Amino acid sequence: AAPRQDTKSNKSPVTVAHRGASGYAPENTLAAVSKADKLGFDWVENDVQRTKDGELVVMHDTTLSRTTNAESLYPKRSPWKVSDFTAKEISRLDAGSWFSDDYAGEKVPTLEQYLRHITKSGQKLLLELKAPELYPGVEAQTLRELRSEGWLDSSHLKSKLVIQSFNANSVRTTHVLNSGVKTGFLGNPKVSELDSYAQFTDQINPTHSTVTKDYVKAVHARKGPLGKQMQVFTWTVNDASTARTVDKAGVDGIISNFPDVVRDATGG
Ligand code: G3P
Ligand code: CA
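No experiment lies behind these values; they were computed from the predicted model shown.

### Brief notes about the site of ligand 1
Inference 1: Around ligand 1, the surrounding shell consists of H18, E45, D47, H60, E128, L186, W235, T236 and I255.
Inference 2: Its residues assigned to classes, the shell around ligand 1 comprises 3 nonpolar, 3 polar and 3 charged.

### What about the nonpolar core?
What tends to happen in soluble globular proteins is that the nonpolar side chains get buried as a cluster.
Inference 1: Among the nonpolar cores identified, the biggest contains 65 residues, and V16, V44, V57 and V251 are the most heavily contacted of them.
Inference 2: Those residues in contact with V16 that lie beyond four places of it in its chain are W43, V44, E45, L126, F233, G253 and I255.

### Quick look at the confidence of the model for the protein chain
Inference 1: On average, the protein chain scores 96 in pLDDT, and the residues at 70 or more come to 96%.
Inference 2: Contacts from residues 1-6, a stretch scored under 50 in pLDDT, to residues over four places away or in other chains number 1 contact.
Inference 3: In the predicted complex, the global pTM is 0.96; the interface-specific ipTM is 0.99.

### Describing helix 4 (residues 111-121)
Inference 1: Regarding helix 4, the residues found buried are L111, Y114, L115 and I118. Take helix 4 and look down its axis: the buried residues cluster within an arc of 95°, on one side only.
Inference 2: Tucked inside the fold, the buried residues of helix 4 contact helix 1 (30-39), strand 2 (43-50), strand 3 (56-58), strand 4 (124-129) and helix 5 (138-148).
Inference 3: G122, located one to two residues past helix 4, shows a positive phi value of around 75°.

### What about the environment of S121?
Inference 1: Relative to the assigned elements, S121 resides in helix 4.
Inference 2: Look at S121 and you get partly exposed, because 15 C-beta atoms sit within 10 Å.
Inference 3: Expressed as a C-alpha distance, the spacing of S121 and V33, which sit 88 residues apart in the sequence, is 9.2 Å.

### With respect to the packing of helix 5 against helix 7 (residues 168-177)
Inference 1: Where helix 5 meets helix 7, the axes come as close as 9 Å, and the angle between the chain directions of the two elements is 45°. With respect to helix 7, the axis of helix 5 lies oblique. For helix 5 against helix 7, the interelement crossing comes out right-handed. Between helix 5 and helix 7, the contacting residues are E139, A140 and L143 on the first element and S170, T173, T174 and L177 on the second.

### Remarks on the packing of helix 1 against helix 4
Inference 1: It is the contact of helix 1 with helix 4, at a shortest axis distance of 10 Å, that shows an interaxial angle of 15°. The angle between helix 1 and helix 4 places the two elements in the roughly parallel class. Both helix 1 and helix 4 take part in a crossing whose hand is right-handed. Touching L30, V33 and D37 of helix 1 are Y114, H117, I118 and S121, all from helix 4.
Inference 2: Counted by class, the contact of helix 1 with helix 4 contains 4 nonpolar, 2 polar and 1 charged residues.

### Things to note about the UniProt feature "domain: GP-PDE" (unreviewed entry) in the protein chain
Inference 1: The UniProt entry lists residues 13-266 under the feature "domain: GP-PDE" (unreviewed entry), expressed in the numbering used here.
Inference 2: When the span residues 13-266 is considered, its composition is 34% helix and 17% strand, and the gap between its end C-alpha atoms is 7 Å.

### Things to note about the environment of E112
Inference 1: Within the secondary structure, E112 sits in helix 4.
Inference 2: E112 has contacts with E145 and E149, leaving out every residue within four places of it along the chain.

### Here we look at unusual backbone geometry
Inference 1: With an omega dihedral of 5°, the bond running from S78 to P79 counts as a cis peptide bond.
Inference 2: A positive phi angle, close to 60°, is found at N28, a residue other than glycine.
Inference 3: Counting through the fold element by element, N28 comes out in the loop between strand 1 (14-17) and helix 1.
Inference 4: Of note in the backbone geometry, W80 takes a positive phi value of approximately 60° without being a glycine.
Inference 5: If you trace the backbone, W80 turns up in the loop between helix 2 (70-73) and helix 3 (87-91).
Inference 6: Residue W80 is classed as partly exposed on the basis of its C-beta count, with 19 C-beta atoms lying within 10 Å.

Calculation rules
- Residues numbered from 1 in each chain as written.
- Chains lettered and ligands numbered in written order.
- Predicted model: local features only at pLDDT ≥ 70, side-chain atom pairs only at ≥ 80, totals over all residues.
- Near = placed C-beta within 6 Å.
- Nonpolar A, V, L, I, M, F, W, Y, C, P; charged D, E, K, R; others polar.
- Core = buried A, V, L, I, M, F, W, Y, C linked by C-beta atoms within 7 Å.
- Buried ≥ 20, exposed ≤ 12 C-beta atoms within 10 Å, placed from the backbone.
- Contact = placed C-beta atoms within 7 Å.
- pLDDT = per-residue confidence, 0-100.
- Helix = DSSP H or I, 4+ residues; strand = E, 2+ residues; numbered from the N terminus.
- Arc of directions from axis to C-beta.
- Axes fitted to C-alpha atoms, helices over the stretch in contact; angles between N-to-C directions.
- Parallel < 35°, antiparallel > 145°, perpendicular 65-115°, else oblique.
- Left-handed = near helix turned anticlockwise from the far one by under 90°.
- UniProt positions renumbered as here; feature names shortened; annotations may be inferred.

Dropping the structure here:
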């Protein structure tokens, strides 16, 4: 057998469908999650924010404009911030037509609806707390909702859930609130900072252009708070050549709008 490389395990990296299979269906909708399922992907990534009346919803941008018809339905509500609309108002939006007429009428899911959907399909969730600095207490609220939907039991904690954020304080808070939850930090801290990140995050999740073999090796040399080797999940990899490059660098996961393209390139 060929000798094992430093950082590369024998396994292919896990492929995660970014915002669902968002190259094929409107991002962060149940249709995008179902599309990922149909393509054979269990891991999906989403983004969670909070409405004016305190409901958690699945939405990437902090405004509704790009991925819904909010501007035409609510013309006087500029700048159409998620946090300025109630859950009921958001439930009236069309989150599919911007992508294609085939998805007209697709809704912005609440986190509850989203979790129920992926519980049924048996999928796994890389949940991003998006702009948590805008939503004080969102970490505890998200954990409460995950718990009430059965997502904090031992099988989910072991292999079906990661909570990540670009906001290190939010990742730390999530870890402090529930030390059994696997966490990820979105970014690429310096190698000299990795020991302090290892106190509260199990994954370091950098943009693909910053991934090198040495960096992955430095992350892998550390254990995260769950006591396991820290992992690297990189984003957003949408072409075969980049997928092969980050695979060679030894990443554990690849987050993609076109997960089938990544799978074809890496076997993951
Ligand atoms: O999961 C990684 C990726 O989602 C982070 O960037 O902007 O797509 O949320 P963004
Ligand atoms: Ca995201």
